[in-house]
Amino acid sequence: MTHKTDAIYAAPLQKMIDFQFDERVVAVFPDMIQRSVPGYGMIISNIGIVAAKYAQAGSHCYDLGCSLGAVSLAMRQRITQPDCDIIAVDNSPAMIARGRELLALDTAPTVPVTMICADLQEVAIENASVVVLNFTLQFIPPAERLALIERIHAGLRPGGVLILSEKIAFSEPGRQQFHEELHHDFKRANGYSDLEISQKRSALEKVLIPEALACHHERLKAAGFSFFELWFQCFNFASLVAMK
């Protein structure tokens, strides 16, 4: 299955519309995410490794905000515990439709994957050993984030893990500028123009709201997680593991 090159913001837009995971984005998403998020491929492959370590027999593994299912596929290819399944959730019908096509091409592994088009905040989290929020929490309104993390904690088995990847912000202006400029340089190195960078940033401004690592730590602690650790960071993108 071929993927198109992301040129959504290549031409000047007459009117800026908030970023949406619609058919246009779905068509170019693999290219967009690889060229926009430093270390994305490494994050995906290592989520599979972490999931394989902490998946428990007879449990559910959740991929919340699954987009095209890259995390689900990485987990599926690594998990060896018996009677596990993966529940992948996204609220974009276009993402789920394309994700199911990609999933159908992966016929070797035996771990069942169910892709659901739904609001992840309304999906029950139960009997879980692994839950993944891979660049998903940042799209949830900040006031609603603690309730989601609490619900995930409640649905995890003892010893279960939450893997949380996010774009992060910095309270010190100098550090924020340092990471922001390097991220923009990363995008330029991957072929994005200054116009594309500027227009996409404007489209995401009210949709993707990053927080400092300290905010994530405080929330995880408040939700009841006994252990959390930063395992990946490149510029202003990071991933943590939290254990119940």
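See the structure shown above.
All values reported here derive from a predicted model rather than from experimental measurement. (Residues numbered from 1 in each chain as written. Predicted model: local features only at pLDDT ≥ 70, side-chain atom pairs only at ≥ 80, totals over all residues. Heavy atoms only, no water.)

**A few points about the packing of helix H1 (residues 23-36) against helix H4 (residues 93-105)**
Okay, so step 1: The geometry of H1 relative to H4 is characterised by a closest axis approach of 8 Å and an angle of 40 degrees between their N-to-C directions. It follows that H1 is oblique to H4 by the angle criterion. H4 is crossed by H1, and the crossing has right-handed handedness. Residue-level inspection shows Glu 23, Val 25, Val 26, Ala 27 and Phe 29 of H1 in contact with H4, the latter providing Ala 94, Met 95 and Arg 98. (Axes fitted to C-alpha atoms, helices over the stretch in contact; angles between N-to-C directions. Helix = DSSP H or I, 4+ residues; strand = E, 2+ residues; numbered from the N terminus. Parallel < 35°, antiparallel > 145°, perpendicular 65-115°, else oblique. Left-handed = near helix turned anticlockwise from the far one by under 90°. Contact = heavy atoms within 4.5 Å.)

**Considering helix H3 (residues 70-78)**
Because an α-helix completes one turn every 3.6 residues, residues spaced three or four positions apart along the sequence face the same direction.
Okay, so step 1: Turning to H3, its buried residues are Val 71, Ser 72, Leu 73, Ala 74, Met 75 and Arg 76.
Okay, so step 2: Of the surrounding secondary structure, the elements contacted by the buried residues of H3 are helix H2 (40-54), strand S1 (60-64), strand S2 (85-90), H4, strand S3 (113-117) and strand S4 (128-134). (Buried < 20%, exposed > 50% of the residue type's maximum accessible area, 1.4 Å probe, protein only.)

**Points about the state of the cysteines**
Okay, so step 1: For the structure on display, the rule yields 0 disulfides.
Okay, so step 2: Cys 84 supplies the cysteine sulfur nearest to Cys 61, a cysteine that is in no disulfide, at a spacing of 4.9 Å.
Okay, so step 3: Since its relative accessible area comes to 0%, Cys 61 is described here as buried. (Disulfide = S-S within 2.5 Å.)

**Let's talk about the packing of aromatic side chains**
Okay, so step 1: Within the structure shown, the criterion is met by 5 aromatic pairs.
Okay, so step 2: For the pair Tyr 40 and Phe 135, a centre-to-centre distance of 6.4 Å together with 35 degrees between the ring planes defines the contact as tilted. Of the two residues, Tyr 40 sits in helix H2 while Phe 135 sits in the loop between S4 and helix H5 (142-155), which places them 95 residues apart along the sequence. For the pair Tyr 40 and Phe 135, one class covers both residues: buried.
Okay, so step 3: Residue classification places Phe 135 among the buried residues on the basis of a relative accessible area of 10%.
Okay, so step 4: A cation over a ring is seen here: Arg 35 above Tyr 192, with NZ or CZ 3.9 Å from the ring centre.
Okay, so step 5: Taking NZ or CZ as reference, Lys 53 lies 5.7 Å from the ring centre of Tyr 54, over its face. (Phe/Tyr/Trp six-rings, centres within 6.5 Å; stacked < 30°, edge-to-face > 60°. Lys NZ or Arg CZ within 6 Å of the ring centre and 35° of its normal.)

**Remarks on the nonpolar core**
Okay, so step 1: Within the largest apolar cluster, 50 residues are counted, with the highest numbers of intra-cluster contacts made by Met 75, Ile 79 and Val 130.
Okay, so step 2: For this core, the element with the highest residue contribution is H1, accounting for 7 residues.
Okay, so step 3: If sequence neighbours within four positions are ignored, Ile 79 has contacts with Ala 51, Ala 52, Ala 55, Cys 61, Cys 84 and Val 111.
Okay, so step 4: If you look at the next biggest cluster of nonpolar residues, it comprises 27 residues, including Tyr 62, Val 131, Leu 133 and Leu 137. (Core = buried A, V, L, I, M, F, W, Y, C linked by side-chain atoms within 4.5 Å.)

**Digging into the pattern of salt bridges**
Okay, so step 1: Counting across every chain of the model gives 10 salt bridges.
Okay, so step 2: Between Glu 101 and Arg 98 there is a salt bridge whose closest N-O contact spans 3.7 Å. Remark: Arg 98 and Glu 101 occur in helix H4; sequence separation between them is 3 residues, near one turn of the helix.
Okay, so step 3: According to the relative accessible area criterion, Glu 101 is partly exposed, its value standing at 41%.
Okay, so step 4: One network of salt bridges, with partners in common, ties together Arg 145, Glu 211 and Arg 219. (Salt bridge = Lys/Arg side-chain N within 4 Å of Asp/Glu carboxyl O.)

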